[in-house]
Amino acid sequence: MHVVIMGCGRVGSRVAGILDGNGHTVAVIEIDQEAFRRLPPSFRGQTILGTGIDEDVLRAARIESADAFIAVSGQDNRNIMATQLVQLLFDVGERICRITDPVREDVFRRMGVMTTVCPTTTVSATIIDTVNSHDPDTTPAQRAVREGLGG
Amino acid sequence: MYVIVTGAGKVGYYLSRHLLEEGHEVLLIEKDASRVDLLTEELGSVITFGDAAEATTLYNAGASRADVLIAVTGEDEDNLVVCQIAKQKFKVPRTVARVSNPRNEKIFHLLGVDVVINQTSYIRNLIEQSIPEQSFVHLLDLRYAEHLAIVEVRIDQQSVVAHRAIGELRLPVDCVIAAIGRGGHVIVPTPGTELEPGDDVIAVTRSDQETELRGLLCSTC
């Protein structure tokens, strides 16, 4: 399948490298030319210099034939806008948007137009789980809080 | 009215001052601390530091009782998201966003922003209106009728329509000549009114017929 990724930071470059290695076609959009250095030397996909909140840039990444769009730039609002732009203008089956602010993530997840990923929530939950698993005195109430965070 | 303005650049600053002068309650939110420090001396508690896209900032601003939220930062994506959060989470009845990329105007409307201010188009229109050689000027898109526009045409000496009655012109359908500016006066035309060189013709037209109308009124003998 064809995957368009906005943002070539640690996450974007890693996802791009793995998907490319798995035999998918990948296009990476990034505003900072230097960031493309993060891609593995074996990367065969396309790199596009520009912002994902621009229709022309998305088209250059062949968004029209994409099966998935992944917004993982360093800015929540840019990720949110790009994902909605893709949802409105193009028929892309899977739209994944990283939002680091948990409250903002909650608002846009509820709108139901994108799959949201909130690293703040998931990383916090993992840390708390790990801490709790070493605590012999964990009460059922604490466990409930922990599960609440995970969900 | 209680108005929240986000982005204390020049637009946000002058807009807030204007709204205050009109007697509205205003809160200006800015995420650059040094800009806030600079303006606090003058605006006092009207300006506050924070990222308006963070729900806590809007919560502390009392967004749920705001009548209007106006997002005028320089970043289109920030303006969009702030308006969407204000609407979704705080039920702000009216949101206004400034866009720099003209293409975003339509998209922001589709995404639920009530009023979209397309500054690039405004400036372009102002420039067009002030260039005298340009005889056909797009003045305005009508807010509630997406496909209608108001245009202004200067009739010159060589124009094929000069000295002809409006009733004789084969205007495109869905196009009317609403007014004529002549020698500092405005004439409301009838079919018998003859166009004269120097007339400024104001027409209401369907947007997709602007080109045809231009062809008719601007062609020369």
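Everything here concerns the structure above.
Rules behind the numbers
Residues numbered from 1 in each chain as written. Chains lettered and ligands numbered in written order. Predicted model: local features only at pLDDT ≥ 70, side-chain atom pairs only at ≥ 80, totals over all residues. Helix = DSSP H or I, 4+ residues; strand = E, 2+ residues; numbered from the N terminus. Buried ≥ 20, exposed ≤ 12 C-beta atoms within 10 Å, placed from the backbone. Contact = placed C-beta atoms within 7 Å. Nonpolar A, V, L, I, M, F, W, Y, C, P; charged D, E, K, R; others polar. Core = buried A, V, L, I, M, F, W, Y, C linked by C-beta atoms within 7 Å. Pairing = 2+ DSSP bridges. Axes fitted to C-alpha atoms, helices over the stretch in contact; angles between N-to-C directions.

**Structural notes on the overall build of chain A**
- Of the regular secondary structure elements, chain A holds 6 helices and 6 strands.
- Structurally, chain A occupies a C-alpha span of about 55 × 35 × 25 Å along its principal axes.
- By residue count, 34% of the 151 residues in chain A fall in the buried class.
- Once local pairs closer than 6 in sequence are excluded, the contacts in chain A between residues at least 24 apart make up 45%.

**With respect to the interface of chain B and chain A**
- In this complex, chain B contributes 15 residues to the contact, which on the side of chain A involves 14 residues.
- Sorting the residues of the side of chain B that touches chain A by element identifies helix 4 (76–90) and helix 5 (104–110) of chain B as the ones contributing at least two each.
- In terms of residue count, helix 4 of chain B provides more of the side of chain B that touches chain A than any other element does, 8 residues in total.
- Classifying every residue of the side of chain B that touches chain A gives 8 nonpolar, 1 polar and 6 charged.

**Focus: the nonpolar core**
- Of all hydrophobic cores here, the largest spans 69 residues; its most connected members are Val4(A), Ile5(A), Val28(A), Ile4(B) and Leu69(B).
- A total of 6 residues in this core trace back to one element, the largest contributor, which is helix 4 of chain B.
- Not counting the four nearest positions on each side in its chain, Ile5(A) is found in contact with Gly12(A), Val15(A), Ala16(A), Val26(A), Val28(A), Ile29(A), Ile70(A) and Val72(A).
- The next biggest cluster of nonpolar side chains, apart from the first, holds 12 residues, and it includes Ala149(B), Val151(B), Ile177(B) and Leu213(B).

**Topic: the sheet that holds strand 5 (residues 94–98) of chain A**
Residues and elements named next belong to chain A.
- One open sheet accounts for 6 strands, arranged 3-2-1-4-5-6; its pairing is parallel. The outermost strands of the open sheet, each flanked by one partner alone, are strand 3 (46–49) and strand 6 (115–117). Between one strand axis and the next, the sheet turns through 15° on average, direction left out of account.
- Bridge analysis of strand 1 (residues 2–6) against strand 2 (residues 25–30) gives 5 bridges, and the strand direction is parallel. Paired with isoleucine 5 across the strands is valine 28, a residue of strand 2.
- Packed onto the sheet, helix 1 (residues 10–21) meets strand 1, strand 2 and strand 4 (68–71) and runs at close to 165° relative to strand 2.

That is the geometry; function is a separate question.
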